[in-house]
Amino acid sequence: SDVCSSDLISELKVQQEVLNVRLGTIMNVVAHLQQANKKEKRKTDDVRAIVNDMLRVFTTQDDKFAMGFSGDIGDGPTTAYDALPPKPWKAPTESLV
């Protein structure tokens, strides 16, 4: 139980670091957009592309935010079950006692 909880804590710390890096990236993009918005002769296509990229991060599907890779390559979004169907469950043949 202690090993399992220490593994969980380690994994949560790693995820915290990843999320902090992502948040820093988003904050930098927002700062860049604010600076670009102050320019009088700004290139709206560049700003529009950045905003569209940002919207992909915050787009909700099924009332949930996208986390990581959305799987929208090829024929469109897929689930893990579509990409690799689970094997059917089989009852164990031997007793584990």
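Remember, it's a predicted structure, so these values are computed and weren't measured experimentally.

1. As for the overall build of the protein
Thought 1: When helices and strands are tallied, the protein shows 3 helices and 2 strands.
Thought 2: Along the protein, helices (α) and strands (β) appear in the sequence α-α-β-β-α when read from the amino end.
Thought 3: Counting the 97 residues in the protein, one finds 6% classified as buried.

2. Focus: the confidence of the model for the protein
Thought 1: Confidence in the prediction for the protein averages 75 pLDDT; 71% of positions are at 70 or higher.
Thought 2: Predicted confidence in the protein is weakest over strand E2 (residues 64–65), with a mean pLDDT of 58, and strongest over helix H1 (residues 2–38), with 84.

The rules we used
Residues numbered from 1 in each chain as written. Predicted model: local features only at pLDDT ≥ 70, side-chain atom pairs only at ≥ 80, totals over all residues. Heavy atoms only, no water. Helix = DSSP H or I, 4+ residues; strand = E, 2+ residues; numbered from the N terminus. Buried < 20%, exposed > 50% of the residue type's maximum accessible area, 1.4 Å probe, protein only. pLDDT = per-residue confidence, 0-100.

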